[in-house]
Structures are given as structure tokens and as C-alpha cells.
Amino acid sequence: MIKKPVNLDELVGEIEIGLEDTFTYIDVTTGEVITLTREEIRAAEDERPLENFPEWQRENIERANCILEDEQGKFADFTLKNDYNEYELIEEFIRTVQDVDINEALSAAITGKGAFRRFKDKIIEFGIDKQWYTYKENKIKEFVIEWCIEHDIEFQN
């Protein structure tokens, strides 16, 4: 089987978006990234007639069927929601902040319900939001590269 590289930025985008109830696969022969909903996968599993679904969804159900029947290893499961933890990434980022006052304010902001919103408000308030987003993107990229290497998936920038 001839493999084609997958676009690294597309995989990073999949993690950054992190939609609930979606599953991501890589067609290793084309490098295509495929995102399917739980409903589309269930429709393929239950072999429901395509006519029962809107036109725009039928192609994904057919793809889900191909993925479920894949025996050659053409599709790699890139559903990493359980492996990626943004809260831990935020904690790591806070440890890199040298200013003690900002560090303490950010640490306090991520405690309890509404932590993500408070964190985002604080990084904007302190003017370090660009620093956070660069840090986050670089860490996700590292995470994706490690995953690709581990799973023998070729990638390109």
C-alpha cells in the first residue's frame, strides 16, 4: 500500500476544534483527514438505507462504511479527544509565566467551574493571549507529530 503524507496543520486543527461526538480518521493512501459524526458511524454500523439521510450526509455514511470494513489498514483512527487535555496544557503554560503576580492570578483563575473562561479573560487582561495561543499551537503540533511517528503516519507541514 502506497502511503501519502497527511497535512500536519489539518490534524492540529482537528484537535483545536475538538468537536463533541465526532471521530477523525486519516486515509493513509491519500493523506485525507475525514471527520465523521457519531450519527454517521451508527448509520453505517446499523446498515440504514442512505435514502433516510440528507444528501449532504450520505457521502460521510459511505465513508464510515468503508472505515468500518477496512481490513488493509487504509484508515488510521485519529480520534484523540481522550489523549489531549487542554486543562493540563494550561497548567503547563502557567508554569512558564515568569511574572509571579500574573502566574498567581492565572493559577487562581483556573480553579473551579468556569476555569477556561476566566483563564481566557486573564490572558487577555495581562496581554499574554498571543503567547498562550502560540504555546498551545506548538504543544499540539508536538503532540500530533509524536502521534504520527508512533503510528507510522507520514506528515508534511
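Residues numbered from 1 in each chain as written. Predicted model: local features only at pLDDT ≥ 70, side-chain atom pairs only at ≥ 80, totals over all residues. Heavy atoms only, no water.

Undergrad: Let's hear about the overall build of the chain: which residues, and what values?
TA: Looking only at helices and strands, the chain has 7 helices and 5 strands in total. Counting helices and strands in the order they occur from the N terminus, the chain gives β-α-β-β-α-α-β-α-α-α-α-β. Taken against the 2.2 N^0.38 rule, which gives 15 Å for 157 residues, the C-alpha radius of gyration of the chain at 19 Å runs more than 25% over that of a compact globule. Taken over 157 residues, the chain has a buried fraction of 34%. (Helix = DSSP H or I, 4+ residues; strand = E, 2+ residues; numbered from the N terminus. Rg over C-alpha atoms; globule rule 2.2 N^0.38 Å. Buried < 20%, exposed > 50% of the residue type's maximum accessible area, 1.4 Å probe, protein only.)

Undergrad: Residues and numbers for the pairing of strand 2 (residues 22–27), please.
TA: For strand 2, a buried count of 6 out of 6 residues is recorded, marking the element as mostly surrounded by other parts of the structure. Examined bridge by bridge, strand 2 and strand 3 (residues 32–37) share 6 bridges and lie antiparallel to one another. Residue pairing across strands places Ile26 opposite Val33, the latter belonging to strand 3. The turn linking strand 2 back onto strand 3 is made up of 4 residues, and Gly31 within it adopts a positive phi angle of 80°. When strand 2 meets strand 4 (residues 75–77), the two strands line up antiparallel, connected through 3 bridges. Looking at strand 4, one finds that Asp27 is bridged to Phe75. (Pairing = 2+ DSSP bridges.)

Undergrad: So what's going on with the sheet that holds strand 4? Residues and values would help.
TA: Here we have 3 strands laid out as an open sheet, ordered 3-2-4, and antiparallel in their pairing. Of all the strands in the sheet, just strand 3 and strand 4 have a single pairing partner and so form its edges. Across the sheet, the mean angle from the axis of one strand to that of its neighbour is 30°, orientation sign disregarded. Running over the sheet, helix 1 (residues 8–17) touches strand 2 and strand 3 and is turned about 20° from strand 3. (Axes fitted to C-alpha atoms, helices over the stretch in contact; angles between N-to-C directions. Contact = heavy atoms within 4.5 Å.)

Undergrad: Residue-level account of the nonpolar core, with values.
TA: Ranked by size, the top nonpolar core spans 31 residues in total, and within it Ile26, Phe93, Leu106, Phe119 and Val144 carry the most contacts. Of all the secondary-structure elements, those providing two or more residues to this core are helix 1, helix 4 (86–96), helix 5 (100–109), helix 6 (115–125) and helix 7 (129–150). In contact with Phe119, not counting residues within four places along its chain, are Ile90, Phe93, Ile94, Leu106, Ala109, Ile110 and Trp132. Membership of the second largest hydrophobic core comes to 12 residues, among which are Tyr25, Ile34, Ile41 and Phe75. (Core = buried A, V, L, I, M, F, W, Y, C linked by side-chain atoms within 4.5 Å.)

Function-wise, these values are silent; they only describe arrangement.
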